[in-house]
Amino acid sequence: MMDQRALEPYSAADFRARALQRAAPGPSDDVNGDHRLNPNSRKDIVREGLRPAAVLVPVIDRPEGATMLLTKRTEKLKSHPGQIAFPGGRVDPGDVSVEAAAMREADEEIGLKGEFIEIVGQLSDYYSGSGFRITPVLSVVRPGFTLTINPDEVDDTFEVPLRFLMDAANHHTDSRIWNNIERYFYTMPYDGRHIWGVTAGIIRAVHDRLYA
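Residues numbered from 1 in each chain as written. Predicted model: local features only at pLDDT ≥ 70, side-chain atom pairs only at ≥ 80, totals over all residues. Heavy atoms only, no water.

- The protein chain has the name 8-oxo-dGTP pyrophosphatase MutT, NUDIX family in an unreviewed UniProt entry, where Mesorhizobium australicum is given as its organism.

Spelled out as structure tokens, the structure:
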């Protein structure tokens, strides 16, 4: 195996090496989710019957340093309109795996084709307070792709340096009152973009598994 210390920090090659070595679902009690910052809500969040979903965590192999590709959901959506998200969605009955579901959604939402995507691992499922059990599928994306945004689902795409997102100093917490209970969540503001909630929680999970 390539000496990880010889790899350029926060490059796509370094991310790939870390993911191949460390990214695998943990034991049943090692789950990620909104309950991590809200331990009193664990029994309400980590439960049976959640809807399975998958997101692609795309790390783009840029020569100046790897970036992570994110989307801004359209304001027309009924669920989480306008929020920052990874490409992804529900796992359909026809999907042969969570990896297939994540790649299908990435193609449908932003036109990111599978020929540019290398799957390098997945994290433990992320349990969301909105009723989903989300599998983060880690990937390295080869440059040269052209995105075609589906305007019914996505308003915009943008890239954030991996170096920024994997620096815990840029991970903040905030809270809101929901159903008369104060709920805490991660937030990672970047260049006028408000990355928060489940997306920020998954980014934090990537950090904790690969970079902590």
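Section: the side chain of Thr135
And then number 1: Topologically, Thr135 is positioned in strand 8 (residues 132–141).
And then number 2: Under the relative-accessibility criterion, Thr135 is labelled buried at 3%.
And then number 3: For Thr135, the side chain forms a polar contact with the side chain of Asp125, separated by 2.7 Å.
And then number 4: Among residues more than four places away in sequence, those in contact with Thr135 are Ala53, Ala54, Val55, Val98, Gln122, Leu123 and Asp125. (Helix = DSSP H or I, 4+ residues; strand = E, 2+ residues; numbered from the N terminus. Buried < 20%, exposed > 50% of the residue type's maximum accessible area, 1.4 Å probe, protein only. Polar contact = N/O pair within 3.5 Å; in protein donor to acceptor, adjacent residues only side chain to side chain. Contact = heavy atoms within 4.5 Å.)

Examining the layout of surface pockets
And then number 1: By volume, the second largest pocket amounts to about 160 Å³.
And then number 2: Taken together, 14 residues form the lining of the second largest pocket, with Pro9, Tyr10, Glu64, Gly65 and Ala66 sitting closest to its centre. (1 Å grid on protein atoms, 1.4 Å probe; cavity = no way out; pocket = protein on both sides within 12 Å on 5 of 7 lines; lining within 4 Å. Points joined across faces, edges and corners; volume = space filled by probe spheres on them.)

Overview of the packing of aromatic side chains
And then number 1: Following the criterion strictly, the structure yields four aromatic pairs and no others.
And then number 2: Ring geometry for Phe116 versus Phe145: centroids 6.3 Å apart, planes at 75°, classification edge-to-face. Taken as a pair, Phe116 in the loop between helix 3 (98–110) and strand 6 (117–122) and Phe145 in the loop between strand 8 and strand 9 (154–161) lie far apart in primary sequence, 29 residues in all. Judged on exposure class, the residue Phe116 and its partner Phe145 are both buried.
And then number 3: Its end group placed over the ring of Phe132, Arg51 keeps NZ or CZ at 4.1 Å from the ring centre. (Phe/Tyr/Trp six-rings, centres within 6.5 Å; stacked < 30°, edge-to-face > 60°. Lys NZ or Arg CZ within 6 Å of the ring centre and 35° of its normal.)

A few points about helix 5 (residues 197–211)
And then number 1: Look at helix 5: 20 Å from first C-alpha to last across 15 residues, which is about the 21 Å you get at 1.5 Å a residue.
And then number 2: Summarising burial for helix 5: 12 of the 15 residues are buried, a large majority.
And then number 3: Restricting attention to buried positions, one finds in helix 5 the residues Gly197, Thr199, Ala200, Gly201, Ile202, Ile203, Arg204, Ala205, Val206, His207, Leu210 and Tyr211. (Expected span 1.5 Å × (residues − 1).)

Section: the environment of Asn38
And then number 1: With respect to the element layout, Asn38 can be found in the loop between strand 1 (32–33) and helix 2 (42–45).
And then number 2: Taking relative accessible area as the criterion, Asn38 reaches 8% and is therefore assigned buried.
And then number 3: Residues Asn38 and Val137, 99 residues apart in the sequence, show an inter-C-alpha distance of 24 Å.
And then number 4: Excluding anything up to four places from it in sequence, Asn38 contacts Glu182, Arg183 and Tyr184.
And then number 5: At a separation of 2.7 Å, a polar atom in the side chain of Asn38 contacts the main-chain amide nitrogen of Tyr184.

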